[in-house]
Structure formats: C-alpha cells, structure tokens
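# Observations on the model geometry
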Amino acid sequence: MTVAVVQFGGSNCDRDAVRALGHLGIDAERRWHEDGLPADRSDLDGIVLPGGFSYGDYLRAGAMAARAPILESVRSAAADGVPVLGVCNGAQVGCESGLTPGAFTTNASARFQCEPVHLRVERADTPWTAAYEPGDVLSIPIAHGEGRFEIDDDAYDDLVADDRVLFRYCDADGAVTDTANPNGSTGNVAGVLGERETVAVLMPHPERATLPDVARSTDGAGILNAFA
Amino acid sequence: MTEFTATVTVRLKRGVLDPEAETTKQALERLGFELDALRVADRFELDLEATDVGAAASRADEMAERLLANPTIHDYEVAVAER
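Report follows, based on the coordinates. (Residues numbered from 1 in each chain as written. Chains lettered and ligands numbered in written order. Predicted model: local features only at pLDDT ≥ 70, side-chain atom pairs only at ≥ 80, totals over all residues. Heavy atoms only, no water.)

### Topic: the overall build of chain B
Secondary structure assignment for chain B yields two helices and three strands. The order of helices and strands in chain B, counted from the N terminus, is β-α-β-α-β. For chain B, the spread of C-alpha atoms along the three principal axes comes to 50 × 25 × 15 Å. Buried residues in chain B amount to 28% of all 83 residues. For chain B, the proportion of contacts with a sequence separation of at least 24, taken over those separated by at least 6, is 75%. Split by element, the accessible area of chain B, about 5,400 Å² in all, is 47% carbon and sulfur. Distance between charge centroids for chain B: 4 Å, based on 10 positive and 18 negative side chains. (Helix = DSSP H or I, 4+ residues; strand = E, 2+ residues; numbered from the N terminus. Buried < 20%, exposed > 50% of the residue type's maximum accessible area, 1.4 Å probe, protein only. Contact = heavy atoms within 4.5 Å. Areas by Shrake-Rupley, 256 points an atom, 1.4 Å probe, with all protein chains shown as cover. Lys, Arg positive; Asp, Glu negative; His and termini not counted. Charge placed at Lys NZ, Arg CZ, Asp CG, Glu CD.)

### What to know about helix H3 (residues 89–96) of chain A
Among the eight residues that make up H3 of chain A, eight are buried, leaving the element largely enclosed by the rest of the structure. Listed in full, the buried residues belonging to H3 of chain A are Asn-89, Gly-90, Ala-91, Gln-92, Val-93, Gly-94, Cys-95 and Glu-96 of chain A.

### Re the packing of aromatic side chains
Residue and element names in this part refer to chain A. Evaluation of the coordinates by the stated rule reveals four aromatic pairs over all chains. On the numbers, 5.4 Å between centres and 55° between planes, the contact of Phe-104 with Phe-149 is tilted. A residue pair is termed long-range when its members are at least 10 positions apart, and Phe-104 in strand S5 (residues 103–105) and Phe-149 in strand S8 (residues 148–150) qualify at 45 residues. For Phe-104, a relative accessible area of 7% translates into the label buried. (Phe/Tyr/Trp six-rings, centres within 6.5 Å; stacked < 30°, edge-to-face > 60°.)

### Re the pattern of salt bridges
Residues and elements named next belong to chain A. One pass over the structure, following the stated rule, counts 17 salt bridges over all chains. Arg-31 is the partner of Glu-29 in a salt bridge, and the nearest nitrogen-oxygen pair spans 3.6 Å. Residue Glu-197 pairs with Arg-123 through a salt bridge whose shortest N-O separation is 3.1 Å. Remark: Arg-123 occurs in the loop between strand S6 (113–121) and strand S7 (137–144) and Glu-197 occurs in the loop between strand S10 (189–193) and strand S11 (199–202); sequence separation between them is 74 residues. (Salt bridge = Lys/Arg side-chain N within 4 Å of Asp/Glu carboxyl O.)

### Remarks on the sheet that holds strand S1 (residues 2–12) of chain B
Residue and element names in this part refer to chain B. Reading across from one edge, S2-S1-S3 is the order of the three strands in this open sheet, with antiparallel pairing throughout. Edge positions in the open sheet fall to strand S2 (41–50) and strand S3 (74–82), since each of these has one partner strand only. The sheet shows a mean angle of 20° between the axes of neighbouring strands, taken without regard to direction. For S1 and S2, the ladder comprises ten bridges, and the chain directions are antiparallel. Each bridged residue has a counterpart across the sheet, and for Thr-5 the counterpart in S2 is Asp-47. Of the strands in this sheet, S1, S2 and S3 are in contact with helix H2 (residues 53–68), which crosses S2 at around 135°. (Pairing = 2+ DSSP bridges. Axes fitted to C-alpha atoms, helices over the stretch in contact; angles between N-to-C directions.)

Structure follows, in structure tokens:
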C-alpha cells in the first residue's frame, strides 16, 4: 500500500512530497506518468499530483499533464474514492482535468511569488483538514506564477453553497482580506474540493511545511496526514 | 477532401483580469505610446483536411473545447479558410 506521487517531465516537488509523506510514516513513491498507476488498486493508498512545471507550462500551466493518459486513471481512481491531492502545479492539473472546479491563472501581480502565506481552514470535516478546527490559521508557503483562482460567478456561488472551499488566504488573525490575498484569487480561495471530498487541490505547498528541520512551519503535515 | 487552415483565437473572457496584458500596456506607455486598452489573445493555425468548411470548423471547434481553450476563463472563435 503506497501513495503514488505522479511525476511528469517538469515536476519538481515530487521528491519533496515523498520525503514529507515518509516523515509522517506514510509509504509513498514517485510514479513516472508513462508507467501508469499500479494495476492493483489495493496497492494504491492515494495519489499526489505534485508541484512543478509539467510540460514547461506549455499552453497553460497544467494543461498538458491534465490530458496525459495517466489522468484517465487518476480520474477513475478518484471516482472510486482513492484520495487525490493536487499541490501547486498539481492543483492546476486538477482544475485543467476537471477533477476540481475553476482554474488557476496568472497572479494579479503578473509575477512569480514565493512567500509564506496564511490559510484559513474553511472546513475541518474532510480527510485533508481533520487535524484542524474550522477557522484555524495555517502558515504554509506558496511558490507560483499562476495561482489566481478564477471561476465564473454562478460556479463560485455553487462552490460556496456546496461548501467546497477548503482554504482561503487570510491574515495572521484569520481575517480574509484583499491585502492577505497574494495573487488576486476569487474569494481568496487557495484550495477547493472536487466532487468527492477525497479529492482536493491547493496552491500552497503542504510538503514544504512538514519537515521540522527545513520548514518554517509544520502546519502542512495535517493535510498530508489524510493519506495516513 | 479539401485542405483548410482553421484559425482558432483564444482570449480571456471579458471581465477576467489579464495581468500580462496590463503589464504590456504599461510597458508601451513607458515607451511613450498612448493607448486606451490592450488585450492579449492566442492564435492557433491548424492545417487540416476535411470534406467541407463545416467539417473543418467543427473539428477545430472540438480542439478548442478540449484543449486549446479553458472554458472556465476563455472565449474562442474559429475561422476556416481554404489553403
């Protein structure tokens, strides 16, 4: 039983994800996308779509990986309830592939931003947030140029009505404000759930906020512990 | 079969913030140009063979739907000409 961290050409957070999961005692291994997922579903505890620049961000960030054959298997596994987490480029892949709603596009600043941010936990009754309480404020870094969550007004209303917003950018006190929004995301949305709550994507990097020796915070560990 | 070029133009929907376009506009203004607005679009030229214009357009349309555009943020248009 293992968590498959799907590696595309241009992925660069796959090792970090494996190491962070390993630190939490969760067996994980990198899986080259052309090799597909393990044929035996009982060997698969979960799937991580890691950060990076798959396919060089050609066309749009995540667009190419979202249409790679392995995503068919990921969608099928997700539909069967296998936990799927998309981080950063993996979040872009998740939205491009239709696993999650909306799109992540160019930051309002038009710049690549690499900085610690605060996230407010909107729901604690999901596998990804079971370690937290609603309203908890997490410190987790972002590192992206295309992290602005965009979605049309009706779909955003549905997203909120369906309670599928998982994290919002906030200030240190948990206030969701424009100044705490690093990239211009609609509704300060930093992470959302798919149709099933076992599928989630977020732009911030929980795997960079897990290892106590190298991270400023270990607030991301709770998210990865969904795979435990 | 006839040879066509289908031109697919993909642009952000009206109202969706385009920071790259805004940055480009500001750069033009720094160079001393005057302009009211600037919009960026991606243009794809697809050479293909089809029985008629309609078939070529419908194939290009499907390509836009499935890959070239992201319907969440983009509008697109397709124009077909004989090659």
